[in-house]
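A closer look at the structure
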Amino acid sequence: MSAKTNTRAKLESWPVPQKPWQRLHIDYAGPVDDWYYLILVDAFSKWPEVIPTRRITTSATLEILQGIFARFGMPETLVSDNGRQCISEQFERYCENNGILHLKTPQFHPQSNGLAERFVDTFKRTLKQITAGGEGLTEAINTFLLCYRSTPNRSAPEEKSPAELLLGRPLRTSLDLLKPPTSFHKMEQSKQDSQYNRKHGAKAIYNNPQDLVWAKVFKNNSWSWEAGQVLERVGSVIYNVWLPQKKTLIRSHCNQLRSRNESETADVAENETPVQVPLDILLNTWGLNPRSTEPEEPQLDLDSIPEEPRMTEPPRGSQRRRQRPPRRAE
């Protein structure tokens, strides 16, 4: 039949979920540079997930969904189109075993899965604009997701951002650098600290800058005590220690340090062999280009060269006479 399509029916929107991660919409986007992208959107918080993949089979789709559900939990309802990967027996069995109601939209009617379809369109347009600025594909996706998840959404409850509705807190972005830094507060002594100190008989240990210490240095699954000097305290129990023998700066816990006296320092100095660093290595470390150190050609001192002895003519008697050829017989 060649009859026209019926008049559009009255719009019936999806029911509004009562909590995050109650109903999810999924769809595939691509291919983009031989990559497909599984799009997942939470109907309540509008939180998106974009997972790249080269295969869009049932096994690959379930593997991606299992990774997402491991982070956020199982949804109550999952909405998808009629793609082969979503209507297979393996996919239906997975949803049934995990108590997920799988709803499939009518064929060739993308409006029924409009939440995922709209996000696919937004994702493609934004990705094209970001990559035009010179960013790589993976970097562009991460930039897009960070901005989308941290931006207030008019369609979300109370117009909050997806992160606030799903995670209960806003995401920290580079724009937070404009705000005053948050101060860190710590209780005087927690219950766990008291129990540990009482059980192990622990006490406070303090080291001051310039203190001589023995530092426990680990290397190749073993450790040894190395002579060092405390430079500064960077935390309650953390110190920066300079090792003069190794010319190295390390960060050590106070439990990895022992006090050292001057006599032990003298013994170490006697046994210590000075390390000479080649000049070219030292200059390269500071980014300097040493001059060419090619040896100059030695200049000959003509006055220092002894004169060769002069040859004297031998006496005439000692010279060999030339033999004349014999005369021919006439």
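Please refer to the structure higher up on the page.
Predicted model only: the values in this text are computed from it and were never measured. (Residues numbered from 1 in each chain as written. Predicted model: local features only at pLDDT ≥ 70, side-chain atom pairs only at ≥ 80, totals over all residues. Heavy atoms only, no water.)

1. A short note on the packing of aromatic side chains
- On inspection of all chains with the given rule, the structure shows eight aromatic pairs.
- Ring centres of Trp 223 and Trp 225 lie 5.7 Å apart, and the angle between their planes is 85°; on these two criteria the pair is classed as edge-to-face.
- Taken together, the ring pairs connect Tyr 37, Phe 119, Phe 123, Phe 144 and Tyr 148 into an aromatic cluster.
- Sitting above the plane of the Trp 223 ring, Lys 216 keeps its charged end 4.3 Å from the centroid.
- The cationic tip of Arg 260 hangs over the ring face of Trp 214; the distance from NZ or CZ to the ring centre is 5.6 Å. (Phe/Tyr/Trp six-rings, centres within 6.5 Å; stacked < 30°, edge-to-face > 60°. Lys NZ or Arg CZ within 6 Å of the ring centre and 35° of its normal.)

2. What about the sheet that holds strand β8 (residues 238–243)?
- Read across the open sheet, the five strands follow the order β9-β8-β7-β6-β10; overall the sheet is antiparallel. Each edge of the open sheet is held by one strand with a lone partner, namely β9 (248–253) and β10 (257–259). With direction set aside, neighbouring strand axes in the sheet form an average angle of 45°.
- Sheet topology places strand β7 (residues 222–233) next to β8; four bridges connect them, and they run antiparallel. When the bridges of β8 are listed, Gln 229 appears paired with Trp 242. (Pairing = 2+ DSSP bridges. Helix = DSSP H or I, 4+ residues; strand = E, 2+ residues; numbered from the N terminus. Axes fitted to C-alpha atoms, helices over the stretch in contact; angles between N-to-C directions.)

3. Quick look at the environment of Asn 98
- Tracing the backbone through its elements, the reader meets Asn 98 in the loop between α2 (89–97) and β5 (101–104).
- Judged by its relative accessible area of 30%, Asn 98 is partly exposed. (Buried < 20%, exposed > 50% of the residue type's maximum accessible area, 1.4 Å probe, protein only.)

4. Remarks on the nonpolar core
- In this structure, Trp 21, Ile 26, Leu 40, Leu 65, Phe 69, Leu 78 and Phe 91 are the most contacted members of the largest nonpolar core, which totals 21 residues.
- Per element, the largest residue contribution to this core is five residues, and it comes from helix α1 (residues 58–72).
- Apart from residues no more than four positions distant in its own chain, Ile 26 is found in contact with Leu 38, Ile 39, Leu 40, Leu 65, Leu 78, Val 79, Ser 80, Cys 86, Phe 91, Asn 113 and Ala 116.
- Counting 16 residues, the second largest nonpolar core, distinct from the first, contains Val 50, Val 120, Leu 127 and Leu 145. (Core = buried A, V, L, I, M, F, W, Y, C linked by side-chain atoms within 4.5 Å. Contact = heavy atoms within 4.5 Å.)

5. Notes on helix α3 (residues 114–132)
- Across its 19 residues, α3 extends 27 Å between first and last C-alpha, which sits within 8% of the 27 Å expected from 1.5 Å per residue.
- Buried residues of α3: Gly 114, Leu 115, Ala 116, Phe 119, Val 120, Phe 123, Leu 127 and Ile 130, and no others.
- Buried residues belonging to α3 abut β1 (23–32), β2 (35–42), β3 (48–53) and α4 (137–150).
- After α3 finishes, the residue Gly 134 shows a positive phi value of roughly 105°. (Expected span 1.5 Å × (residues − 1).)

6. A word on the sheet that holds β5
- The sheet built from five strands is open, its strands ordered β3-β2-β1-β4-β5 with mixed pairing. Both outer strands of the open sheet, β3 and β5, are each paired with one neighbouring strand and no more. The average undirected angle you get between the axes of adjacent strands in this sheet is 25°.
- Of the strand pairs in this sheet, strand β4 (residues 77–80) and β5 are connected by four bridges, and their pairing is parallel. Paired with Thr 77 across the bridge in β5 is Leu 101.
- This element, α1, spans β1, β2, β3 and β4 of the sheet and lies at about 145° to β3.
- Against the sheet, α4 contacts β1, β2 and β3, and its axis sits at roughly 170° relative to β3.

7. Quick word on the pairing of β8
- Counting the residues in the hairpin turn of β7 and β8 gives four residues.
- The hairpin turn running from β8 into β9, its antiparallel successor, is four residues long, and Lys 247 in that turn takes a positive phi close to 55°.

8. Some thoughts on the packing of α1 against α2
- Two elements in contact, α1 and α2, have axes whose closest approach is 9 Å; the angle formed by their N-to-C orientations is 20°. One finds that α1 runs roughly parallel with respect to α2. You can see that α1 and α2 cross each other, and the crossing is right-handed. For the pair formed by α1 and α2, the contact residues are Thr 58, Ser 59, Thr 61, Leu 62, Leu 65, Gln 66 and Phe 69 on the first element and Gln 90, Phe 91 and Tyr 94 on the second. (Parallel < 35°, antiparallel > 145°, perpendicular 65-115°, else oblique. Left-handed = near helix turned anticlockwise from the far one by under 90°.)

9. Remarks on the packing of α3 against α4
- Two elements in contact, α3 and α4, have axes separated by 9 Å at closest approach and are oriented at 125°. In terms of orientation, α3 lies oblique with respect to α4. As α3 runs across α4, the sense of the crossing is right-handed. Listed contacts from α4 to Phe 119, Thr 122, Phe 123, Thr 126, Leu 127, Ile 130 and Thr 131 of α3 are Leu 137, Ala 140, Ile 141, Phe 144 and Tyr 148.
- Taken together, the residues of the contact of α3 with α4 sort by class into nine nonpolar, three polar and no charged. (Nonpolar A, V, L, I, M, F, W, Y, C, P; charged D, E, K, R; others polar.)

10. Describing the environment of Ser 150
- Checked against the element boundaries, Ser 150 lands in helix α4.
- Residue Ser 150 is classed as partly exposed on the basis of its relative accessible area of 24%.
- Between the alpha carbons of Ser 150 and Pro 162 there is a distance of 6.6 Å; along the sequence they are 12 residues apart.
- Only 3.4 Å separates the side chain of Ser 150 from the backbone oxygen of Cys 147, close enough to count as a polar contact. (Polar contact = N/O pair within 3.5 Å; in protein donor to acceptor, adjacent residues only side chain to side chain.)

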